[in-house]
Amino acid sequence: MDRRLSDDENGARDVSQSPTTEPKQDIDTVKPEADEGIVTGPAVPAQASTEQLNALTHRLLGPSLTKSGQEGVSQDNVSQVILDASKGSKFYEREAALAAGLATRVAALQTRKAKLEAQDLRVHLRNADAFLASLESSRDLSRIIVHLDCDAFYAAVAALKDPTLKGIPFAVGGSVLSTCSYEARKFGVRSAMPAFVARKLCPELKLVDQDFPSYIAKAGEIRAILQTYDPNFQPAGLDESYLDLTAYCQDNDISASDAVSKLRTEVREKCGITISAGIAATAPLAKIAGNVNKPDGQFEIPSTREAVMAYMADLSVRKVAGIGRVLQCELDAVGIRVCADIYPQRALLVPLFGDKTAKFLLTSYLGIGRTRIAPSDGRDRKSVGTEGTFADLAGAQALRTKLRQTAEALEEDMKQAGVKGRTVVLKVKLHTFEVLTRQVGTHIPVWTKDDIYRISLPMLERLEKEIPGLKIRLLGLRCTHLVEAKLSVDKNFFGAAKAPNTEERFCVCQDDQILAPAVPPPERASAHRAEGSRSGVPVDEDGWEIWPEAEFEAAAEQERKEEFEELLKLSQELEERHDQDNGAKAPLESSRSTSPADDVESWACPICNRPQPADERALNEHIDLCLSRETIREVVRSVPENKAPAKLEKPTLPSKQVPRKRARPRGGGSISKSNHEQSNAKRRAFFS
DNA sequence: ATACATACC
DNA sequence: GACTGGTATGTAT
């Protein structure tokens, strides 16, 4: 599915009331579930085509139904127009196929649910309750987190440049709209809508092109202001940011809501952009709150446990960032429509939706989430890719040309990002809109167009073979498993901007050998030659020459490095947990048996089962590393929260432990005291 | 590890 | 007639 638990958001938004404090009805007009209720009827097992049509309509309506500006728009009429516009197209057929797949999954979910309910669910129930309790004990209500979102940002910037756009329905984008003015939204026009559909809804709709330089410039102006409120704020795209105003409010003796009013006024007056803001104790809650009084408004979710729980209770799960149309549908099928519905189903969540999604849902139910705001350090990018849509394309030559162009574009992006990749992914969208991907790993990180092309061509050939007459409307390439490019020959030490053409660059990617087989035989190492001529001696990232015999070592070194990094990451995770930053990382289940295999006959690591160099010393080293890694994993698994061991040492055999938490929430209310110490601040917040 | 699907801006 | 692009991530296999 998608990110959900990850590190990011999760929360909800919209209506609802909080007993203890204010939030009553919001301006967002619509009722909690009313605004994006599942069109599909609840629990009936796949009821013929009416239901499927409804599900399809739901899909076609697009992802932005939750967005503001749709109040008072006749959704029935809009749906009809969209349906009419789409019917019979390939796009429509593809959507219908996806909708059918969803219907199947939903039916399966319901079957599985019925089966589960006849079983003994005590273990799952206990696990869920333990997880909830550990989350609860990590709740931190002490921060003032603000989410800012510029209203129709691209459109607003466009209107600043061209005042004749003010007050009229217009949209930014090409064949698909990026965003549109609020006047346009009154017609049912939305972002992500194809332009031709938008025109049917609003014939006078004016279209303007995107202008990224302007957006970037304006975003810069705004950020300069935000910085004075929180120097450590976190941009989230061009038009959104998270701030932690705890210090600002304290230092200036000002309330959160006054501070945010002031900030919004300042941005409006200095930049001409209106902003909507959400104020809450966590990032996901702030994001939800920000959608309440949009546009040009703000909303605060009070930072008491009661207010948060009450707010979440009536909230449509769809309002939670990370729950999209599909998961909403699946949840609906098991009786979960608002966040309060999550609790009674808690024992079923893991078996029905998997571990991550289950944790995510429980976290959302409690209204718990990230409280630490920090700009991304730029090193966290995980992939770089490029793709393009074009008129249907077929034929070996045309496809290769397109592939080469794409590889060239990707090289540019890789250069820009300063990274190389160890995996290349080819993506293709057939003329039918079906999407296919193929990927391969490489031993040596790549980034040049030639390497990328050579690696991706066999994937394309594979597709051509699988699908005779391959006809596509999109082709994309992406590199993952990124490695920092550091200093390399092209950015050489002497500043001579010489960009060696790939021919003279070291490239293991000349033949089939580049492709990392699933299980590379260790002997293969010295088998192939770097074909670098004298003038093109192989060079590694640091500018050192690589001798052919060293290739395997380089790859092995890379692997060791990564393993070490994983170790590091795991240790950090422990620390984080210790910080109680985000209880969502606590284990829900301590299952997973990891008894090392006894069988070491080949050169495969008995722990991770990955092939290892045919070198006893190296193998032993690897096994040690693997064991310690496994140990850390176990510790991470078995220490729900602030009990991280002060120090990790000598690898020991993995030992299994069971979460110790026993505290359980009572009917979504308070929980019994945990036997863990908590900081006073948190304790106070929690029991306030 | 690979493929596919979902999600968000 | 016409339905994006970039990145992340969850799940199944």
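Going by what an unreviewed UniProt entry lists, chain A is known as DNA polymerase kappa and is assigned to Trichodelitschia bisporula.

(A) Summary view of the layout of surface pockets. Of the pockets and cavities examined, the second largest pocket occupies roughly 1,000 Å³. Residue lining of the second largest pocket: 31 residues in total, with F91, V176, A192, P194 and F433 positioned closest to the centre. Of all elements in the fold, only α1 (48–60), α2 (75–86), α3 (90–117), α7 (195–201), β9 (383–394), β10 (419–430) and β12 (471–484) reach the threshold of two or more residues within the lining of the second largest pocket. Of the residues forming the lining of the second largest pocket, the biggest block, four residues, is contributed by α3. Taken together, the residues that form the lining of the second largest pocket break down as 15 nonpolar, seven polar and nine charged. For the lining of the second largest pocket, the domains that each give at least three residues are domain 1 (145–300) and domain 2 (383–510 + 548–648).

(B) Structural view of the packing of aromatic side chains. Scanning the model with the defined rule gives nine aromatic pairs in all. Connected via pairs of aromatic rings, a cluster forms that spans F153, Y154, F212 and Y215. We note R370 situated over the ring of Y242; from NZ or CZ to the ring centre the distance is 5.2 Å.

(C) Quick look at the sheet that holds strand β5 (residues 234–235). Within the open sheet, the five strands sit side by side as β5-β6-β1-β7-β8. Their pairing is mixed. The strands lining the two open edges of the sheet, one partner per strand, are β5 and β8 (298–300). By the bridge criterion, five bridges tie strand β1 (residues 145–150) to strand β6 (residues 240–244) in an arrangement that is antiparallel. Across the sheet, V146 pairs through a bridge with L243, a residue of β6. Seen against the sheet, helix α11 (residues 283–290) touches β1, β6, β7 (275–280) and β8 and runs at an angle of roughly 140° to β7.

(D) The arrangement of the environment of R337 in detail. Inspection of the secondary structure puts R337 in the loop between α13 (325–333) and α14 (346–353). Residue R337 is classed as partly exposed on the basis of its relative accessible area of 35%. On a C-alpha basis, the gap between R337 and L315 in space is 8.3 Å, while along the polypeptide they are 22 residues apart.

(E) How the structure looks around the sheet that holds strand β3 (residues 177–180). Pairing is mixed in the open sheet, where three strands are placed in the order β3-β2-β4. Taken across any chain shown, the strands that pair with only one partner, and hence form the sheet edges, are β3 and β4 (206–208). Between one strand axis and the next, the sheet turns by 30° as a mean value, whatever way the strands run. Lying over the sheet, helix α5 (residues 153–161) contacts β2 (170–173), β3 and β4, oriented at roughly 110° with respect to β2.

(F) Seen up close, the protein's contact with DNA strand C. Neighbouring residues of DNA strand C: 29 residues in total, closest S86, F353, T357, R381 and G385. For DNA strand C, the backbone portion of the atoms within 4 Å of the protein, that is sugar and phosphate, comes to 64%. The separation between a base nitrogen of DNA strand C and a polar side-chain atom of S86 is 2.3 Å. Backbone polar atom of E387 to a phosphate oxygen of DNA strand C: 2.7 Å apart, as the coordinates give it. Top element by residues in the surface near DNA strand C is β9. It accounts for seven residues. Class assignment of the residues belonging to the surface near DNA strand C gives a composition of 10 nonpolar, nine polar and 10 charged.

(G) The UniProt feature "coiled-coil region" (unreviewed entry) in chain A, seen in detail. The sites that carry the UniProt feature "coiled-coil region" (unreviewed entry) are, in the present numbering, residues 393–420. Helix makes up 79% of residues 393–420 and strand 14%, and the two end C-alpha atoms of the span are 29 Å apart.

(H) Inspection of the packing of helix α16 (residues 396–417) against helix α17 (residues 449–466) at higher detail. In the contact formed by α16 and α17, the axes pass within 9 Å of each other and the chain directions differ by 145°. Read as a crossing pair, α16 and α17 show a hand that is right-handed. From α16, A396, L399, R400, L403, R404, A407, E408, L410 and E411 reach across to α17, where they touch K449, D450, I452, Y453, S456, L457, L460, E461 and E464. Residue classes in the contact of α16 with α17 are distributed as nine nonpolar, one polar and eight charged.

Cut-offs applied
Residues numbered from 1 in each chain as written. Chains lettered and ligands numbered in written order. Predicted model: local features only at pLDDT ≥ 70, side-chain atom pairs only at ≥ 80, totals over all residues. Heavy atoms only, no water. 1 Å grid on protein atoms, 1.4 Å probe; cavity = no way out; pocket = protein on both sides within 12 Å on 5 of 7 lines; lining within 4 Å. Points joined across faces, edges and corners; volume = space filled by probe spheres on them. Helix = DSSP H or I, 4+ residues; strand = E, 2+ residues; numbered from the N terminus. Nonpolar A, V, L, I, M, F, W, Y, C, P; charged D, E, K, R; others polar. Domains from an automatic or database assignment. Phe/Tyr/Trp six-rings, centres within 6.5 Å; stacked < 30°, edge-to-face > 60°. Lys NZ or Arg CZ within 6 Å of the ring centre and 35° of its normal. Pairing = 2+ DSSP bridges. Contact = heavy atoms within 4.5 Å. Axes fitted to C-alpha atoms, helices over the stretch in contact; angles between N-to-C directions. Buried < 20%, exposed > 50% of the residue type's maximum accessible area, 1.4 Å probe, protein only. Near = heavy atom within 4 Å. Polar contact = N/O pair within 3.5 Å; in protein donor to acceptor, adjacent residues only side chain to side chain. UniProt positions renumbered as here; feature names shortened; annotations may be inferred. Left-handed = near helix turned anticlockwise from the far one by under 90°.

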